[in-house]
Amino acid sequence: MAQQQNEHEDQYEFDPVYLNSLREAIVILIIFFVFLGYCIPVCFYFGNRPSGDEVPSLFGIPAWCFWGVLVPWIVANFVTAWFCFFYMKNDPLESDEDPDLDQVNQS
Amino acid sequence: MDKFFNNSNAALLTFAVYILAVFLLAILSGQFRKKKSFLSEYFLGSRSLGMWAFALTFAATASSGGSFIGFPSLVYTHGWSLALWIGSYMLVPLVAMGLFSKRINQFARKSGAITVPDILLDRFKSPTLGLISTVLIVFFMIFNLIAQFKAGSVILQTLLSEIQLFQNAESTVQSTAEAIAKNGSVLEYFFGFAAKLPEAGQATGPAGYIVCLLVFTLTVVIYTTYGGFRAVVWTDVLQGFVMVGGIVVMLPLAIWAVNEQGFDLSSQLANQTSDLKYSSVNSYTTLPGPSDSMNGFLPFWLAVSFFFFWTFASASQPSNMVRMMAFKDSKTLSRAIFTVSVYYSLIYFPIVMIFCCARVLLPDLQASDRVMPEMAALLTQMIEMPWLAGLLVAAPFAAVMSTMDSFLLMISSSIVRDIYHKWINPNASEKQLKKLTYMTTLLVGFGAAVAAMNPPQFLQDIIVFTGAGLATCFLVPVAFALYWPRFNRQAAIASMVGGFLIHVVLYAAGWLLNGKMGPATAQNYRQILGNYQDSMSEGWYQFFNSVIDTGLPSLHPFLIGTFFSFVIAIFVCYCTRRPEREIVLKYFYVKK
């Protein structure tokens, strides 16, 4: 059994599509938490004020909304463009089924 | 408004052109299918979606009636703080499409899967898991389908209310319903509703709703049944353009109209709309709701909850996962993610701006759910282009249609492919499956319409309940199935069932304690704690009280359910055997 396991390990390596997807998923999670860590504190720090206070504004939008939502939204589009066109790998997605795997399935 | 709709033939004509275009696309896609294998083409479009089709079907399916009816209503009611509530849409394309798409597509190709349960069944070699996931999809989707039917019919009522033909149909339905309801049979449940008179101040009554439900059902069910997945995708593309077109036209008009009213846009609009007091008119945000807030701003944990909810719940909706199986190649995926990112930027933040303007332009609107058609009427009236209102009203209608047709097909594929073909008759011929598929799609569509005849009261609550429920059940099992070779079938079943139970328990507790659809709130937890104060030590009482004070129990049930689903998955996985070697080799390795 152990010998059979070693044989498989010698014959196979991690699927590059799996490794690339995993790397991309980790980068996506990091981006998500960076934006979460920016947007919520900025909006709460500048926007959560007592009722009746004057609201500072930029271009007709409350300043907290401008800096805490609109600006990061624009930045998110650039980050998404970087991720899609410069970071994400163009992996082949066709089935990699090979006859040896069928033998493994039967064994 | 009335004056506008008295002259609404132009608007109706624009709308009719849109509906005709939808049918034309369905017919074309039906022709396309004749040359292909039925099941793969009908439910997955032969895995050949290009960039525009994939991007817009994903975007349009995710944008339901909530985006164009419920969300504008919330913005009108609560003001700018809704920009933060919806803010994580800036990352939805990246997270929802980037996190799982490539792996799901690869899994589907390796296993020949055409549904989500197909993938899970093959990844874990567990018919039980396949069946559980099918049942959960059907359970949640049917609820959602009924809610979408109602939303579509309500929008149609706005457009047709002043048309003579519609008014005649309305009175015929009302008199027929009165006659049937008088007999006191079981049909009274449905027809008793239709026999009621319109409420004061409303243009159409329940009978009008039934007429619109019938028109809406015939439209959507017929084109979905005939055209299948490709029709749904092609019409989604059209609907996607209609939605963004409507918003892009409305934004400059709304800003111009506010200026015409003499507002200094640089400061007055911000002040007028930034500090609106929350009211209880809409419970969509009470998970926990903004009504907990003292100064009109979002409660902190609500903002955090929804930042997670929009992104990760979108990633784990089975209807979105089906689309992830259908794109052509990786290049299509990367281009589509960017396209949807720009698309959502053109929709969601502009909606916040438009309906903050609506607060200035229509300050005394009582029924905030009608703010979208009211704004469409007002703006097109101001520029004297009534035909444009047809396009603007078509935008929310398109949003409902594009979501509903996808859900309809999803339920149909679950019944035909995941239940009948796998469990009842694995040797069914293509002809039998084709016949059954058409019948199932028709039956589910008309069945949901019958259920919507006496419409559910809590429309948005149902949409949130089902969306969060599916996400809680599927996010952790699917994520681990795709990325963790050690993940096994026992852990997948436990995390899926665990997530489902926690979600349902939180909602059931909310229902029992508050008498309405929604999860238990911090106040409920405090009441429960108060009841048990005598039977616990002061230390424990203080501890639980301080936990409630942090606001953590008020997190969205999606986050609580997902957290427990995650813990259960890891615990059960390490307590049980590793998965079979051949499964791990198939999905995580290639030959050197």
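Everything numeric here is computed off the predicted structure, so don't read it as measured data.

What counts, and at which threshold
- Per chain, residues are indexed from 1 in the order of the written sequence.
- As they are written, the chains are lettered A onward and the ligands numbered 1 onward, keeping that order.
- Restriction of local features to residues with pLDDT of at least 70 applies here, the model being predicted, together with a cutoff of 80 or more for giving and counting side-chain atom pairs; totals for whole chains, interfaces and linings are based on all residues.
- Water and hydrogen atoms play no part in the side-chain values, which are based on all heavy atoms of the structure.
- Under the scheme used here, helices are H or I runs from DSSP no shorter than 4 residues and strands are E runs no shorter than 2 residues, and both carry numbers assigned from the N terminus.
- Each residue's exposure class comes from its accessible area (1.4 Å probe, protein chains only) as a fraction of the maximum for that residue type: buried when under 20%, exposed when over 50%, partly exposed otherwise.
- Accessibility throughout is a Shrake-Rupley quantity obtained with a 1.4 Å probe, and a residue counts as covered only by protein chains that appear here.
- Axis definition: a line fitted to C-alpha atoms, over the contacting stretch in the case of helices. Angles run 0 to 180 degrees between N-to-C directions.
- Comment on the angle field: the value is read as roughly parallel under 35 degrees, roughly antiparallel over 145, roughly perpendicular from 65 to 115, and oblique elsewhere.
- Helix crossings are classified by the rotation of the near helix relative to the far one: an anticlockwise turn of less than a right angle makes the crossing left-handed, while a clockwise turn makes it right-handed.
- Whether two residues touch is decided by their heavy atoms; if any such pair falls within 4.5 Å, the residues are in contact.
- Under the grouping applied here, Gly and all other residues not named as nonpolar or charged are polar, the nonpolar ones being Ala, Val, Leu, Ile, Met, Phe, Trp, Tyr, Cys and Pro and the charged ones Asp, Glu, Lys and Arg.
- Here, a salt bridge means any side-chain nitrogen of Lys or Arg that lies within 4 Å of a carboxyl oxygen of Asp or Glu.
- Expected span of a helix, by definition, is 1.5 Å for each gap between consecutive residues, and there is one gap fewer than residues.
- To form a nonpolar core, buried Ala, Val, Leu, Ile, Met, Phe, Trp, Tyr and Cys residues must be joined to one another through side-chain atoms within 4.5 Å.
- The predictor's confidence in any single residue is recorded as pLDDT, a number from 0 to 100.

### Comments concerning the overall build of chain B
Part 1: From N to C terminus, chain B includes 26 helices and one strand.
Part 2: Within chain B, the fraction of its 592 residues that count as buried is 63%.
Part 3: As displayed, chain B offers around 21,700 Å² of accessible surface, 64% of which is attributable to carbon and sulfur atoms.

### A closer look at the packing of helix α13 (residues 206-260) of chain B against helix α18 (residues 371-382) of chain B
All names here are of chain B.
Part 1: Relative to each other, α13 and α18 sit at 70 degrees, their axes nearing to 10 Å. Between α13 and α18, the crossing angle belongs to the class labelled roughly perpendicular. Crossing hand, α13 versus α18: left-handed. Of the residues in α18, those touching α13 at M250, L253, A254, W256, A257 and E260 are M372, M375, A376, L379 and M382.
Part 2: Residues of the contact of α13 with α18, tallied by class, amount to ten nonpolar, no polar and one charged.

### Points about the pattern of salt bridges
Part 1: Counted under the stated rule, the structure contains eleven salt bridges over all chains.
Part 2: With its nearest N and O atoms 3.1 Å apart, the salt bridge here joins B:K102 to A:E24. Of this pair, B:K102 sits in helix α8 (residues 101-111) while A:E24 sits in helix α2 (residues 16-47), which puts the two residues in different chains. No difference in accessibility class separates B:K102 from A:E24, as the two residues are buried.
Part 3: The residue B:D236 makes a salt bridge to B:R323 at a minimum N-O spacing of 3.8 Å. Of the two residues, B:D236 sits in helix α13 while B:R323 sits in helix α16 (residues 318-324), which places them 87 residues apart along the sequence.

### Focus: helix α10 (residues 127-160) of chain B
Part 1: The end-to-end C-alpha distance of α10(B), which contains 34 residues, comes to 48 Å, matching closely the 50 Å that a straight helix rising 1.5 Å per residue would cover.
Part 2: For α10(B), a buried count of 25 out of 34 residues is recorded, marking the element as mostly surrounded by other parts of the structure.

### Overview of unusual backbone geometry
All names here are of chain B.
Part 1: Notably, K125 is not glycine yet its phi reads approximately 45 degrees, a positive angle.
Part 2: Following the sequence through the fold, K125 ends up in the loop between α9 (116-124) and α10.
Part 3: We classify K125 as partly exposed; its relative accessible area is 42%.

### Considering the packing of α10(B) against helix α22 (residues 489-514) of chain B
Residue and element names in this part refer to chain B.
Part 1: Where α10 contacts α22, the axes come no closer than 10 Å and their chain directions differ by 25 degrees. Between α10 and α22, the angle falls in the class roughly parallel. When the axes of α10 and α22 are compared, the crossing they make is left-handed. Taking contact as the criterion, the partners of T128, L129, I132, S133, L136, F139 and F140 in α10 are, on α22, A492, I493, M496, V497, F500 and H503.
Part 2: Looking at the contact of α10 with α22, its residues break down into ten nonpolar, three polar and no charged.

### Considerations on the nonpolar core
The tendency in soluble globular proteins is for nonpolar side chains to be buried as a group.
All names here are of chain B.
Part 1: Ranked by internal contacts, the top residues of the largest apolar core, which has 222 residues, are F100, M375 and F474.
Part 2: Broken down by element, the residue count for this core peaks at 24 residues, all from α13.
Part 3: Setting aside chain neighbours within four positions, we find F100 in contact with A315, M324, L475, V478, A479, L482 and Y483.

### Re the confidence of the model for chain B
All names here are of chain B.
Part 1: Residues of chain B with pLDDT of at least 70 account for 86%, and the chain-wide mean is 81.
Part 2: When mean pLDDT is taken per element in chain B, helix α7 (residues 92-98) scores highest with 96 and helix α1 (residues 2-6) scores lowest with 46.
Part 3: Note that pLDDT drops below 50 for residues 1-6; the model gives that stretch 16 contacts with residues more than four away or on any other chain.
Part 4: Low pLDDT (under 50) marks residues 273-294, which in the prediction has 66 contacts with non-local residues, meaning those over four places away or in another chain.
Part 5: Interface confidence for the predicted complex, given as ipTM, is 0.86, next to a pTM of 0.84.

### Let's talk about the side chain of B:T217
All names here are of chain B.
Part 1: Among the secondary structure elements, T217 is positioned in helix α13.
Part 2: Its relative accessible area of 2% is what places T217 among the buried residues.
Part 3: T217 has contacts with F149, I222, G445, F446 and A449, leaving out every residue within four places of it along the chain.

### Details of the environment of B:W234
Part 1: Among the secondary structure elements, B:W234 is positioned in helix α13.
Part 2: Put simply, B:W234 and B:L25 are 209 residues apart on the chain and 6.5 Å apart in space, counted from C-alpha to C-alpha.

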